[in-house]
Each structure stands twice: as structure tokens, then as C-alpha cells.
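Letter by letter, the chains look like this.
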Amino acid sequence: MSDRELIRITLRASAGAEAAARELSDRHRGAAAAYAAQCTTTATAAALLLTSAELTAAQTYLVDGGSTAWRPYLLNTLVRTAAEWAAGDEQRHLAPGLSSWLAESDGAVAAPVRRDDTTGSLLLVQAFHQLPERLQVVLWHRLVDQEDIERITRCIGTSQDSVRTWADTVEDKFLTLYGRLYEETAAARCRPFSRLVLTTARIGFPPTLGNGGAGALKGHLATCGNCRQVFRNLSWLHGHEWGPLLAESLLPWGGGDYYAGRAAARAGEPPAGARAAGAPRASPLRLRALRTRSGRALLAAAVVGVVLGVVLLLPGDSDQSPRGPGTTLRNSHDSVHQWSGSSNSPKQKGPSPSVSPSASASSEPPSSKSPPDSPSASRNPSAPGPGKRAGARLRWDFENAGERPVDTSAAGRRGSYHGRVEWSDNRNGSVWFNGESYVESSRAVVDTTRSFTVSAWARLTSSGDFYTVAAQDGGAISGFFLQYAQDDNRWRFAMGHSDSTEAGEDEAESAGPPAMDTWQHLTGVFDAEKRQIRLYVDGRLQSTAAHRSTWSANGSFTVGRGLWEGDKSDLYEGYVDDVRAYQRAMSAPEIAALASAGPNG
């Protein structure tokens, strides 16, 4: 008997209503209970929220649910019920992240079935709901909750052979429907590119496309957010990254966390953030090989991956710290400008004036091979776009050469250059560090004991050492590192247990090696409520780690170096652009928006 039939029976005053309700609950209780727990602070509150949502969903499903799968409808109703709680005394029982999201969105939660929005990811939601209900069930249960054929068969009320047949074809059917909706709703300026978007998202940018065609499409994607989002979604889907994308798109809040929690439960692991204190993902003190810099060996035991740009800045502070001694500006090439901190600058390892900068990262469509965005706060329809700079404590976009980097956030924070820094027209303005140069502020940007987010575009040109993109100084070590880790050949975001090289650290690493000499967007998040750190690359979650030991790193915020044993370390080689810092844990959709924005957008 299908879910829909069970719901019909539960609404009748018949002898079978109680048994039907029990069967329906048994099929979906595990998933719904996990999501209810994610939305609340106590087990009692989670149970009450789930019971209320089940009743509401059963009463409304046959009326406004149309022909849609029951489980995502029920999960959506959980958030809508939580929104009602947020308006009363029950608000104290809601998870802080959900409360904040509801406050930002004024308590508005999108309807469970959305078919009338033709923008970006909501086009994907339309495609999902236009599938027959049985195929929606197969997509959700198989790719998001990853349940077996037997359980899916019970929810649809058919034979296992039928479900296997549908499972073999549902992805192709969905992609065809999504592509058709995109072409039908494309704006006039997008139509010449729509077929290229569909084809290239599937196969990547092949040489046979030609420089003219590839350049035109990349240029269009750099300026059209809707086509860029469709391209990104299709790239993920063709890369078999369905689960996180569907969860984030179809659940109004916390879809990534829901998907990750279900995956952890299937693997028999504790939920993210539930590890015991002092038990990070890797060994607490992970010894590295000896490294040599400036003629002395450094033992890097657990250098944490840097998080870009946090600082505990008070509004109105002008940050007028002097630059490095002897720094002068000189124009050397049409597209490259240089700062030099001494008359004896190290030999140039950066871009040659005879070689034009590579294409901007935003015009290069995201790789379909990167891991998808997974856990994080929510798909927030009212989340500020990347160009609005809402709430940023710092933003150095390096758009213009000058004596100091200009902070284009509302805080107006500036920093100082040390050593030789070169500017390129790449990404409408970016900087290059030669392994001995860096940028720093005079004060902290964020409070490292509270939630924060740091992000930056990075184009690594060497893999010969540890390279820090951004950090914030403590006394002995940086309070966080967003960096490249040579020993693992991975991007890394890490935070130490205390301000000591002897203490352990917690780290989140990228799923694969960096794309050398290629722009990639890095984001590190510390979520104080969940006691968790997260690393995103190109807008997609890579991994998480529990982090419970907090301490205040209240020194300079740095780009291009970290701090280890009280000394500057892990100086960066390559390009950096658009460094941002926020005093909050940004949601997965916000981070994806940052990664998909155009240069300085």
C-alpha cells in the first residue's frame, strides 16, 4: 500500500486508521525524527515538533501536496511548523541556526511544492515536482536517503521489479525534464547559449568547442547568474552528486546537514559535531615532516588550515597601521603592479609581463568532479547575494593597486603590504605573493571564540611547502588556518585546541588535491553552536570536524602567511583575490553564491 493510500485511510474514521497511521510513521519516522532533532535543542522538543508536523502534513497533503513524494513534503512541513513556534514561546526550543534563519527570512517558509519560479536552483525544484510521484519517491529515497529497493517499494506500493526499472531511468528522465524547462524559460539573451550550457555541463569544455565558442559561453556564464546556476546544478548531477543538491534544493532549511546526518547514520558514525572532546578526525597531534624556511627547520605538528580574514573589529576603527618599511609603488607592466618592501627584492617568481593572465575564475564553470555541497545551514531564499556584502567584517577584493588593500565592506578595514606583492588584471584585479610577501591588519577582525566564516579565491602555483591563504594571529600560532597542506596534498581548514604548538588541532580537508594554477574558491566555517568546523571548495562542502576547545586569537588578520612557534610561517606562493570575513557561520547556499559570483561581485 502506497504512502498516499495510507494517508487517505488515516483521515477516515475507520477501524484501519490507527494501523495505517502507524505504518506510515514507521516508514518515515527515522528520517523525520533526525530532521526534527536538527531543528530543535532537546529530544522532547524534537518529538513534539515531529508529532505536530505529522498531523499537519497529513491534513494538508492531499489538498496542496498535489502529486508529490510524502517524505520531502513531511520534512518541509517540519520547518513550516517550526516557523509557527518561532512566533511564540516555543522559539526557545528551536536550534539557534534555524531561529536565526527564520528571523532573517521574517518567518517566511516557501511552500512545499514550488512550480512557478524560473530562476536558478528553483527551476530544479520545478523539475522534481513535475515528475510523476513514483519517480519523485525513487529519486529522494534512493539518492538522498539512500534506502534499499524494498523500502522504496513499500512507499510506492508496487513491485520491486518496477522500482528497479524506474531507478535505472529516473536520472535521465529528470535531466531531460530539467533541461527542457531551462530552455523553455531562458531569457532572450540566454537562448543562444542554452544548448551549449546543457551539452558542456555534461562533458566539460572540450577542445572541439573552439576558443570562440568556449570563450563566448564562459563570458555569458560570468554575467548571467541564472545560467551559471543551471550549469553548476547540471555539472553536479552529471557528476552523480544528486543527494546533497536535491536535499539543499527541496528542503527549506538545513538540507545539507540533513543529507550528511543521514549518511553518517547509514555508516554507523556519530553525527557531525558529536565526537568526544579531544578526538578530532585525525590524530590530535599529527607530526609533519621537517620543513626548511629561511635556513631553519620548522617542525609543523598540526598546523591548522587557515581561515581567511577574521578579525574582532570595532565599527569605525580606521586600521592605520604602517606598511612594511621602505615599501614603494611602481608601475612596471600594463597589467601588473608591484609593491616592494625593500630595495633588495627577492627574484621574481610571479607572472611574466609577456604572459597574459589566465581567465578569471568566475568565467570558468565549476568542475563536475568536485564534491557537492553538503551539510550546512540552509537554502535560504532571502539570503543576501554575494555582491551585497551583508554583514562582512572585512573584504579585500584587491581590485585596485595602491599603497594599502582597500576594505570594501561596511567596516572599511584596511591592511598593510609586506614584501613584494604584484597586481594582475586576473579576476578584474588580484594579487600575487612570491613566498616572502603577505598582507596583515593591525587588529583582529573576528572573535575566534564565536562563529565565523572566512573565504577567498586562491590560485596555487606551487606544491613544495605548506602555504597559508589566510589566518589570524594568536601568540604562538594562528587561531585558524586556511591553507594548502603539503603532506596530504589537500586544502585544509584547521583550528588548534589552544595557543600552543604542543596542543592538538581539529582539521577539515578537501576531498581531493588542489587544482594547480587554477582559481578555486575556499571557505572555512567555525560553527560555535554545533562546535564544528567545515571546509568548502568551489562552494561545495568537503569535510567537517568537531571543534570544542576555543580560545581567542586577537592578533593581526593575515593573507599570505600564518603564525607558528611565534614566527611567520607557511608563506603563500600564488594568486589571491576577494578575501572576506564574517562573524557568523554562513549557510551552504550563501557559500555557493559566493563561489558562483563573478569577479568582485
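On a predicted model such as this, the values are computed, not experimentally measured, just so you know. (Residues numbered from 1 in each chain as written. Predicted model: local features only at pLDDT ≥ 70, side-chain atom pairs only at ≥ 80, totals over all residues. Heavy atoms only, no water.)

## Here's the deal with the pairing of strand β8 (residues 421–424)
Part 1: Burial of β8 is two-sided: the residues Val-421 and Trp-423 facing one way and the residues Glu-422 and Ser-424 facing the other way are all buried.
Part 2: Sheet topology places β8 next to strand β9 (residues 430–434); four bridges connect them, and they run antiparallel. Its bridge partner being in β9, Val-421 is matched across the sheet by Phe-433.
Part 3: Two successive antiparallel strands, β8 and β9, enclose a turn made up of five residues, where Arg-427 displays a positive phi of approximately 55°. (Buried < 20%, exposed > 50% of the residue type's maximum accessible area, 1.4 Å probe, protein only. Helix = DSSP H or I, 4+ residues; strand = E, 2+ residues; numbered from the N terminus. Pairing = 2+ DSSP bridges.)

## Focus on the confidence of the model for the protein
Part 1: Across the protein, the average pLDDT comes to 77, with 75% of residues at 70 or higher.
Part 2: The model gives residues 207–211 a pLDDT under 50, and that stretch makes three contacts with residues more than four places away or in other chains.
Part 3: A low-confidence stretch, residues 271–389 stays under pLDDT 50, and its non-local contacts, those more than four residues away or across chains, total 394 contacts. (pLDDT = per-residue confidence, 0-100. Contact = heavy atoms within 4.5 Å.)

## What to know about the packing of aromatic side chains
What characterises a pair of aromatic rings is the spacing of the ring centres plus the angle enclosed by the ring planes.
Part 1: Using the criterion set out here, one finds 17 aromatic pairs in the structure.
Part 2: A ring pair is formed by Phe-433 and Tyr-572, whose centres lie 6.4 Å apart and whose planes are at 80°; its orientation type is edge-to-face. Note that Phe-433 is positioned in strand β9 and Tyr-572 in the loop between β21 (567–569) and β22 (573–582), a separation of 139 residues in sequence.
Part 3: Look at Phe-433 and you get buried, because its relative accessible area is 0%.
Part 4: With a relative accessible area of 0%, Tyr-572 lands in the buried category.
Part 5: Ring geometry for Trp-519 against Tyr-575: centres 6.0 Å apart, planes inclined by 55°, an arrangement best described as tilted. Here Trp-519, found in the loop between β15 (505–509) and β16 (520–527), pairs with Tyr-575, found in strand β22; they are 56 residues apart in sequence, far enough to count as distant.
Part 6: On the basis of relative accessibility, which here comes to 4%, the residue Trp-519 falls in the buried class.
Part 7: A network of ring pairs unites the aromatic residues Tyr-35, Trp-140 and Tyr-258 as a single cluster. (Phe/Tyr/Trp six-rings, centres within 6.5 Å; stacked < 30°, edge-to-face > 60°.)

## Considering the sheet that holds strand β13 (residues 478–485)
Strand pairs in the sheet, formed through backbone hydrogen bonds, run parallel or antiparallel to each other.
Part 1: Ordered by their spatial adjacency, seven strands build an open sheet running β7-β10-β19-β12-β13-β14-β15, and the pairing between neighbours is antiparallel. Where the open sheet ends on each side, the last strands, each with one partner, are β7 (416–418) and β15. Strand-to-strand twist in this sheet, taken as the mean axis angle between neighbours without regard to direction, amounts to 15°.
Part 2: Summarising the sheet, β13 and strand β14 (residues 490–496) pair through five bridges and their orientation is antiparallel. Paired with Leu-482 across the strands is Phe-493, a residue of β14. (Axes fitted to C-alpha atoms, helices over the stretch in contact; angles between N-to-C directions.)

## So, the pattern of salt bridges
Two side chains bearing opposite charge may form a pair once their charged atoms approach each other closely.
Part 1: Within the structure shown, the criterion is met by 26 salt bridges.
Part 2: A salt bridge links Arg-420 to Glu-422; the nearest nitrogen and oxygen atoms lie 3.7 Å apart.
Part 3: Taking the relative accessible area as the measure of exposure, Arg-420 reaches 7% and is therefore buried.
Part 4: When the shortest N-O distance is used, the salt bridge between Arg-459 and Asp-517 registers 2.9 Å. Highlighted residues: Arg-459 in strand β11 (residues 452–460) and Asp-517 in the loop between β15 and β16, separated in sequence by 58 residues.
Part 5: On the basis of relative accessible area, Arg-459 is assigned to the buried category, the value being 7%.
Part 6: When salt bridges with common partners are traced through the structure, they connect Asp-3, Glu-23, Arg-27 and Arg-154 into a single cluster. (Salt bridge = Lys/Arg side-chain N within 4 Å of Asp/Glu carboxyl O.)

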